[in-house]
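Residue-level structural notes
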Amino acid sequence: MGRSRKARSGQAADAAVVETVDGGLAELMPDRDRPRAWTLLIDGAPQSHVDLDDPACLSFEYQRRLGHVIDLAAPPGRPVHAVHLGGGAFTLARYVAATRPRSTQQVVERDAALVQLVRRELPLDPGARIRVRSADAREGLAKVPDGWADLVITDVFSGARTPAHLTSTEFLADVRRVLKPGGWYAANLADGPPLAHLRGQIATAAAVFPELALVADAAVLRGKRFGNAVLAGSDRPLPVAELTRLTACDPHPARVEHGRTLRDFTGGAVPVTDAAAVASPPPPPSVFR
């Protein structure tokens, strides 16, 4: 295990922090353009980017898109109850705390060693109401009370793949159980051609949530390359026009699909159950080069 200069020192970092965690080799790489910003990698795969001086800064494309969901989930600045399945470096929990002060949040991250590393090197604001639980995402979700959350965000990867037990209708039924009426579910999904996993996840979410929207790069939706897509669901109509406007203004604009076009995109995919669930496909080696 290697260690370097502390991120928590408040000064610019000049070397990586490297430690072995439960999920593999964790690296905190300094951002040369931002004095107290760091990228977390697990076994070479980028997981999170955090700017301790500006927690509202979201650098990764998919995190910006999840940030738009957070922005639209309630009126601006209003505190929310949020559940984050998958912690990484707590980027999105920090974003909620910065943009929606007095929010109450639960983060469920299975990798206890990673949680310890991030807490030590990239400490959370002690005033933020963020509780971190080291547990499996589904087990942690089961402990959340009925109707507690305004927002549930799933961003769980093990070896760059979403575990099978977080891809089923049974899992999403428990997500809906913990959501308040009008609450939002949002998931970071990853897939490439022929997009069978993504189509299956849309069909699975459609079996649980009557309203859906998908945000992704056009090249990913056309099956031209492997990439991330953000799927949002609710029991009430989603502000698709606002979501489209926000994503169109991003450095890497995305398309928003909903309604009939999303159903057409799903094709003949059927909902995934626990009995048939499999992990998401591994990304090709070229993705992280």
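Look above for the structure.
Attention here is on the structure that accompanies the text. Bear in mind the structure is a predicted one, so any value in this text is a computation, not a measurement. Numbering of residues begins from 1 in every chain and follows the order in which that chain's sequence is written. Two thresholds apply to this predicted model, a pLDDT of at least 70 for residue-level local features and 80 or more for giving and counting side-chain atom pairs, whereas whole-chain, interface and lining totals are computed over all residues. The basis for every side-chain value is the complete set of heavy atoms in the structure, and neither hydrogens nor water enter the calculation.

A sheet is described by the order of its strands in space; here 8 strands give the open sequence 7-6-5-8-9-11-10-12, paired in mixed fashion. Single-partner strands in this sheet number two, and they are strand 7 (129-133) and strand 12 (255-258). Shown here is a sheet whose adjacent strand axes are inclined to one another by a mean of 15 degrees, direction ignored. In this analysis, strands are considered paired if DSSP registers two or more bridges between them. Numbering of helices and strands starts at the N terminus; helices are DSSP runs of H or I of at least 4 residues and strands are runs of E of at least 2. Relative to strand 12, strand 10 (residues 211-216) runs antiparallel, the two being bridged by 4 bridges. The residue of strand 12 that forms the bridge with V215 is V256. With respect to the sheet, helix 8 (residues 240-248) is in contact with strand 10 and strand 12, its orientation differing from that of strand 12 by roughly 160 degrees. In this analysis, axes come from line fits to C-alpha atoms, helices being fitted only over the stretch in contact, and the angle between any two N-to-C directions falls in the range 0 to 180 degrees. Throughout, a residue-residue contact means that at least one pair of heavy atoms, one from each residue, lies within 4.5 Å.

What follows covers the pattern of salt bridges. Salt bridges are defined by distance alone: a side-chain nitrogen of Lys or Arg within 4 Å of a carboxyl oxygen of Asp or Glu. Here the structure, examined in full by the defined rule, presents 15 salt bridges. The shortest N-O distance in the salt bridge between E121 and R120 comes to 2.9 Å. Overall, the relative accessible area of 0% leaves E121 in the buried class. As a salt-bridge pair, D217 and R225 come within 3.6 Å of each other at their nearest N and O atoms. Each residue gets one of three labels from its accessible area relative to the maximum for its type: buried under 20%, exposed over 50%, partly exposed in between, using a 1.4 Å probe on protein chains only.

Turning our attention to the sheet that holds strand 4 (residues 45-51). Strand order in the open sheet made by the 4 strands is 1-2-3-4, with antiparallel pairing throughout. Sheet topology places strand 1 (17-21) and strand 4 at the edges, where each strand pairs with a single neighbour. Shown here is a sheet whose adjacent strand axes are inclined to one another by a mean of 20 degrees, direction ignored.

Now for empty space enclosed by the protein. The way it works is a 1 Å grid over only the protein atoms, where trapped points that fit a 1.4 Å probe form a cavity and open points with protein on both sides within 12 Å along at least five of seven lines form a pocket, and then any residue with an atom within 4 Å of a point lines it. Grid points are joined across faces, edges and corners, and a volume is the space filled by probe spheres set on the points. Applying the stated criterion across every chain, the model contains 2 cavities of 30 Å³ or more. Roughly 60 Å³ of internal volume is contained in the largest cavity. Residue lining of the largest cavity: T154, D155, V156, T162, L166, T167, Y185, A187, N188, L189 and Q201, and that is the complete set. For the lining of the largest cavity, the leading source of residues is strand 9 (residues 179-191), giving 4 residues. In this structure, the second largest cavity encloses a volume near 50 Å³. Along its surface, the second largest cavity is lined by L166, T167, S168, F171, L172, Y185, A187, L189, Q201, A205 and L231. At the level of secondary structure, the elements contributing two or more residues to the lining of the second largest cavity comprise helix 5 (169-178), strand 9 and helix 6 (196-206).

What follows concerns the packing of aromatic side chains. Geometrically, a pair of aromatic rings is defined through the distance of the ring centres and the angle of the planes. For Phe, Tyr and Trp, where Trp contributes only its six-membered ring, two rings pair if their centres lie within 6.5 Å, and the inter-plane angle classes them as stacked under 30 degrees, edge-to-face over 60, or tilted in between. Counted under the stated rule, the structure contains 2 aromatic pairs. With centroids separated by 6.3 Å and ring planes inclined at 45 degrees, the aromatic side chains of F60 and Y62 adopt a geometry described as tilted. Of the residues examined, F60 reaches a relative accessible area of 18% and is grouped as buried. With 5.6 Å between their ring centres and 5 degrees between their planes, Y185 and F209 make a pair best called stacked. Taken as a pair, Y185 in strand 9 and F209 in the loop between helix 6 and strand 10 lie far apart in primary sequence, 24 residues in all.

In this section: the nonpolar core. Of all hydrophobic cores here, the largest spans 34 residues; its most connected members are L85, V152, V175, Y185 and L214. Those residues in contact with L85, other than ones at most four positions away along the chain, are V108, A137, L141, V152, I153, T154, D155, V156 and F171. As used here, the term nonpolar core means buried Ala, Val, Leu, Ile, Met, Phe, Trp, Tyr and Cys residues forming a set that is joined through side-chain atoms within 4.5 Å. Core analysis: the second largest hydrophobic core is formed by 28 residues, L58, L66, A74 and V240 among them.

Between helix 1 (residues 61-72) and helix 2 (residues 91-99), the shortest axis-to-axis distance is 11 Å and the interhelical angle comes to 35 degrees. You can see that helix 1 and helix 2 cross each other, and the crossing is right-handed. Here helix 1 contributes Q63, L66, G67, I70 and D71 to the contact with helix 2, which in turn contributes T91, L92, Y95 and V96. For the contact of helix 1 with helix 2, a count of residues per class yields 5 nonpolar, 3 polar and 1 charged. By definition, turning the near helix anticlockwise from the far helix through less than a right angle yields a left-handed crossing, and turning it clockwise yields a right-handed one. The nonpolar class holds Ala, Val, Leu, Ile, Met, Phe, Trp, Tyr, Cys and Pro. Asp, Glu, Lys and Arg form the charged class, and all remaining residues, Gly among them, are polar.

Turning next to the state of the cysteines. Cysteine sulfur pairs qualify as disulfides if the two atoms are within 2.5 Å. Overall, the coordinates contain 0 disulfides when judged by the stated rule. The structure places no disulfide on C57, whose sulfur is separated from the nearest cysteine sulfur, that of C249, by 17 Å. Judged by relative accessible area, which is 13%, C57 ranks as buried.

Along the chain, P193 connects to P194 via a cis peptide bond; the corresponding omega equals 10 degrees. Structurally, P194 can be placed in the loop between strand 9 and helix 6. Non-glycine residue F90 carries a positive phi angle of around 65 degrees. Considering the arrangement of structural elements, one finds F90 in the loop between strand 5 (81-85) and helix 2.

Here we come to the side chain of R133. For R133, the position within the fold is in strand 7. Lacking a salt bridge, the buried R133 has E139 as its closest oppositely charged neighbour, with an N-O distance of 9.1 Å. The contacts of R133, once residues within four sequence positions are left out, are Q106, V107, V108, E109, G140 and K143. This count recognises Lys and Arg as positive and Asp and Glu as negative, with His and chain-terminal groups excluded.

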